[in-house]
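Take a look at the letters that make up each chain.
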Amino acid sequence: MGLSLTRAAQWTTASSGTGKLEVTPMNESLLKEILHFVEQFTSQHPQEAEHVFEEPLQWSTTLVASNFKTDYDISDSDVQSHEKDSGGHPLLQLSPPTVYVRSFSQLSKLVHLADDKKLEEVRKCLEENREPMVKILGQSFVSILEKEDDLTDVIRLVDKVKDHIKDSEVKVKLFLLLQNMDNQLLSKCLKEVNGQVSLDCTAVTNEVELLKRFCSEGEKRVLKSVRYTSDYEFSNGCRAPPWRQVHGEICYLVIEPCDTETVYITCSNAGVFLNGCIKQEGEESGYERTSDMYKDLVTLLKSRSPHFAENINEQNFAVQKLPSTQRIQHVELVDVEELGQPQRSHEQQEKNVHEEARQQHTPNKAGGKKKYEPCPRWKNLGLMSPCGKAEEKKPSKSSGEEKSGEIKKKKLGPRAKSKMKAELSMSSLPGRLSSQKVKTPTGAMPVDTFSESSSESEEEEEQPERRPESNTDLPSEYWQIQKLVKYLKGGDQTATVLTLCAMMDFNLMQETCQLAIRDVGGLEVLINLLDTDEVKCKIGSLKILRKISHNVQIRRAIVDMGGLQSIVKILDSPVKDLKALAAETVANVARFCRARRNVRQYGGIKKLVKLLDCVPNLANLTANQEKDVEVARCGALALWSCSKSTKNKEAIRKAGGIPLLGRLLKSPHENMLIPVVGTLQECASEESYRIAIQTEGMIKDLVKNLSSDNDELQMHCASAIFKCAEDKQTRDLVRKYKGLQPLVSLLSKADNKQLLAAATGAIWKCSISMENVAKFQEYKALETLVGLLTDQPEEVLVNVVGALGDFAQIPANKAIIRKSGGIKSLVNLLTGTNQALLVNVTKAVGACATDMDNMAIIDQLDGVRLVWSLLKNPSADVQSSAAWALCPCIQNAKPLIHIMGSDDETLQEAAAGCVRNIRQLALANRKAQLFY
């Protein structure tokens, strides 16, 4: 359920970024196999079936309370299983329409209860839990085991993780079972594809061998080198990994012509084409197609190398089959289908894995048949089939490239590296094509030692590009759009406008249509049209670019081709429709770091700020003024995207954007307010903006919009208040404009976690002022906050606990926290790992511990020991907060109270010294933090 879901399963791409499983025969086959695995799991693996997941699998189910019978507690529409984990949480919980499942035993029971809806339940579970193995076993555990490069016996795996992971033996066995299941699924997909498509591996092999003949030294040489990226060949003749064979790909070549740069080629059953630079086996990036499709290698090379085309004709080259004596002799290997072996018992599985590992490391006897170790790269992909040892050959790199590669590896952690790999593999780079029609920037990019916002990720998360297995599976729209692009390339002005109109009749938000435009070179044409003098052509081009730039591959390609510079230039156009379209396109494209930087370097920030100057608050607007308002709205959208960069925030401020945003904040239109408030809350992380928001009188408008009916607008307003309320004057203004009650009312929208996080954050910062705490108590905020201490994301918990720590400064509130059950929840949070949460929890526990009744509960729950253990936390903030919390905990602990009430002065002095030492530790930590 790992690679099979991400590589083999076929997903749609929704506008929200969450895909759905398509209704295809391959997907139906995958679902049935997974369903069978789950149904049989409890009977075949009873010990692993009882293992409690690290995080519950949750999805919107079709089941209702009436579907559950014995072994469950039913209350109205809610259902809970009798089985619970060590923390008292039910292993299955139904709160319609969401079901939470925490073990395979309950998962198996649920699919049996689903009856004829079993497949639908499995589908929804997989769609809403895209990384089930991480939820079942935990990210840290999966990361440790996925780093293993060789077949490893169970005992070694258990020894590796037992010091870090609880129940390590059961988890390792469960990991192996899930991985084995995943291999079976992947093998089944490959088997079905091989049954449908005949991959002509022999013809490709023959052609490659003939090309290698022309790599000899001398004047008659037409190619410098021809090589495969992998020396491992599967038994079906393919050299591509199985999860690429699913897409009809056979092998990958690196060919170095004599007169041009090296070309990287994919050979598939549909033809040959240039890829995104696959250099060696096991790479995660570069599989996207970056050229037209050619019938064979010779035709492709002729189009790329004039020297090859001229000399190959002179030598009367003809691609033909090699004589049998000259064919490559392939080592006999195990078929990929052997990946899907029947599941074995625990003892047999451990024995076999251990034996296989021993054999792999046993030296070969003289004259014996050669044994092949599993290739580490295939092992990392979860494919544990044997493969040949690749020759230790790597494409030559310049020293500069090698150094830059080493620097990147040092700077990036494991998560960042895996993320970077995923993005490189998914982003298509048509800008690498040497097309005559692609324009280049007129000037060199200005040198800028950029340091973007530390809070923003370097690159955006991207969904894998889902392509059909073969061209025959593409819908008719794909081919129709490709025909239109060809007309677009060769038509006059009238034909161009008509073709653009015809293209806009298609659903350009559909990924197939977007990729059709890119694949046939339509992006280059659309970008070139932006530099013409024809307004209609520009408008048509921008309308198409505005829609297709929602696709992550498309927007990266636009930046690679230099299209962003042309779009930014149009922001100065006197035509208002053009300015609005250009600004909205910038808003879509500038969703990753490099694009935002380019907008600034091309002078786009000043131009976008200039678009904000309009009169949006008049009762009756003329048609011309309405266009001005639309231009301002699109400009605000673009600034919102750009404002995730620290340097862009400063550029917006210097360009005079703050007063203009403040004026637009008074607009009565939600479609204007959302991008304006979104921009302000992004920029509010900077102190200069927080001061300006306060002095420009924007707090009143932010408070006013907290009462809007639009959840997104409320969320951005609360987030802006959250960031600005560090300042006491801002907190007083929120109270003055009656913003505290709307913030409390937002706590009722607990299903919207983003809104809840923003609202609790604003309440936390506002509660720093005790006058606000008194007001919050009038609105019963404390009881509601205590109720949010369980089953919430850490982002929400940090804010809730921070607010409780401030509320507990008032003695009466300590009793309310206790009576509402908050003490137990706070103590439970002391076992977490989130450092920001631990700082706030220890502060709240320390504040509550000054009450004797609270202290009795803390002591009973072993809270003092948990706080004490945090003195070993690597974070100085956590240490300091824990030390301060220990002071009242120790001082009010029963043994210490008894000692301090004793007549023995020595004991009294010892107890007082204990508290004094803890305080000194806290002060020392505080001073160290201030010093550094």
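Residues numbered from 1 in each chain as written. Predicted model: local features only at pLDDT ≥ 70, side-chain atom pairs only at ≥ 80, totals over all residues. Heavy atoms only, no water.

Scanning the chain from N- to C-terminus turns up 48 helices and nine strands. Going through the 932 residues of the chain one by one, you find that 51% of them count as buried. (Helix = DSSP H or I, 4+ residues; strand = E, 2+ residues; numbered from the N terminus. Buried < 20%, exposed > 50% of the residue type's maximum accessible area, 1.4 Å probe, protein only.)

Within helix α23 (residues 552–560), eight of the nine residues are buried, leaving the element largely enclosed by the surrounding structure. If you check which residues of α23 are buried, you get V552, Q553, I554, R555, R556, A557, I558 and V559. The opening residue of α23 is N551, an N-cap whose side-chain oxygen sits 2.8 Å from the backbone nitrogen of Q553. Phi turns positive one or two residues past the end of α23, at G562, with a value near 80°. (Polar contact = N/O pair within 3.5 Å; in protein donor to acceptor, adjacent residues only side chain to side chain.)

Take the confidence of the model for the chain next. Summary statistics for the chain give a mean pLDDT of 76 and a share of 70% for residues scoring 70 or more. Note on residues 896–902: pLDDT is under 50 here. Beyond four places in sequence and across chains, it has 15 contacts. A low-confidence stretch, residues 926–932 (pLDDT under 50), is modelled with five contacts involving residues beyond four sequence positions or located in other chains. (pLDDT = per-residue confidence, 0-100. Contact = heavy atoms within 4.5 Å.)

The amide bond that connects P96 to the next residue, P97, takes the cis arrangement and shows omega of 5°. Residue placement: P97 occurs in the loop between β4 (92–95) and β5 (98–101). The phi dihedral of D115 is positive, around 60°, even though this residue is not glycine. For D115, the location among the structural elements is in the loop between α4 (104–114) and α5 (118–128).

Attention now goes to the sheet that holds strand β8 (residues 263–268). In space, the four strands of this open sheet follow the order β6-β7-β8-β9, with antiparallel pairing throughout. Strands with a single pairing partner mark the edges of an open sheet, and in this sheet they are β6 (223–228) and β9 (271–274). Adjacent strand axes in the sheet meet at a mean angle of 25°, parallel and antiparallel pairs treated alike. As judged from the six bridges shared by strand β7 (residues 249–257) and β8, these two strands associate in the antiparallel manner. From the neighbouring strand, E249 faces β8, where its bridge partner is S268. Packing of helix α10 (residues 201–213) onto the sheet brings it into contact with β6, β7 and β8, and relative to β6 it is tilted by some 150°. (Pairing = 2+ DSSP bridges. Axes fitted to C-alpha atoms, helices over the stretch in contact; angles between N-to-C directions.)

Structurally, K814 is set in helix α41 (residues 811–819). Of the side chains with opposite charge, D851 lies nearest to the buried K814, which makes no salt bridge, at 6.7 Å. When neighbours within four sequence positions are excluded, K814 is seen to be in contact with A808, A847, T850, D851 and N854. (Lys, Arg positive; Asp, Glu negative; His and termini not counted. Salt bridge = Lys/Arg side-chain N within 4 Å of Asp/Glu carboxyl O.)

Here the focus is the pattern of salt bridges. With the rule as written, the count across this model stands at 27 salt bridges. Residues D519 and R518 are paired through a salt bridge, measuring 3.1 Å at the closest nitrogen-oxygen approach. Judged on exposure class, the residue D519 and its partner R518 are both buried. A salt bridge links R735 to D732; the nearest nitrogen and oxygen atoms lie 3.3 Å apart.

Before going further, it helps to examine the pairing of strand β3 (residues 78–81). The side chains of a regular strand alternate, residue by residue, between the two faces of the sheet. The alternating pattern of β3 places V79 and S81 on a buried face, while none of D78 and Q80, on the opposite face, is buried. Of the strand pairs in this sheet, strand β2 (residues 72–75) and β3 are connected by four bridges, and their pairing is antiparallel. Residue pairing for β3: I74 is matched across the bridge by V79. The hairpin formed by β2 and β3 contains two residues between the paired strands, and D76 there has a positive phi angle of roughly 55°. Note that β3 and β4 share two bridges and pair antiparallel. Within β4, the residue paired with V79 across the bridge is L94.

Here we take up the packing of aromatic side chains. Evaluation of the coordinates by the stated rule reveals nine aromatic pairs. Pairing F37 with F41 gives two aromatic rings, centres 5.4 Å apart and planes at 65°, and the pair type is edge-to-face. Of the two residues, F37 and F41 are both situated in helix α2 (residues 25–44); the distance of four residues between them amounts to about one turn of the helix. Both residues of the pair, F37 and F41, belong to the buried class. Look at F41 and F104: their rings are 4.3 Å apart centre to centre, the planes differ by 25°, and that puts the pair in the stacked class. Of the two residues, F41 sits in helix α2 while F104 sits in helix α4, which places them 63 residues apart along the sequence. Assessed through its relative accessible area of 1%, F41 is described here as buried. In this structure F104 comes out as buried when scored by relative accessible area, which is 1%. Among the aromatic residues, ring-to-ring pairing joins F37, F41, F53 and F104 into one connected group. (Phe/Tyr/Trp six-rings, centres within 6.5 Å; stacked < 30°, edge-to-face > 60°.)

Once that is clear, we can look at the sheet that holds β4. Pairing in this open sheet of five strands is antiparallel, and the strands run β1-β5-β4-β3-β2 from one edge to the other. Of all strands in the sheet, those bounded by a partner on one side alone are β1 (57–60) and β2. The average angle at which neighbouring strand axes cross in this sheet is 10°, direction not considered. Sheet topology note: the β1/β5 ladder contains four bridges and is antiparallel. Along β5, the bridge assignment pairs W59 with V99. Across the sheet, α4 is in contact with β1, β2, β3, β4 and β5; its angle to β5 comes to roughly 140°.

Once that is clear, we can look at the packing of helix α25 (residues 576–589) against helix α28 (residues 623–642). Two elements in contact, α25 and α28, have axes separated by 7 Å at closest approach and are oriented at 20°. With respect to α28, the element α25 is oriented roughly parallel. Here α25 runs over α28; the crossing is left-handed. Where α25 abuts α28, its residues K576, D577, K579, A580, A583, E584, V586 and A587 lie against N624, K627, D628, E630, V631, R633, C634, G635, L637, A638 and S641. (Parallel < 35°, antiparallel > 145°, perpendicular 65-115°, else oblique. Left-handed = near helix turned anticlockwise from the far one by under 90°.)

A separate point is the environment of A583. Turning to its location among the elements, A583 is positioned in helix α25. The buried category is assigned to A583, whose relative accessible area is 0%. Separated by 41 residues in the primary sequence, A583 and L542 place their C-alpha atoms 9.9 Å from one another. Excluding residues within four positions of it along the chain, A583 makes contact with L571, L608, L611, C634, G635 and A638.

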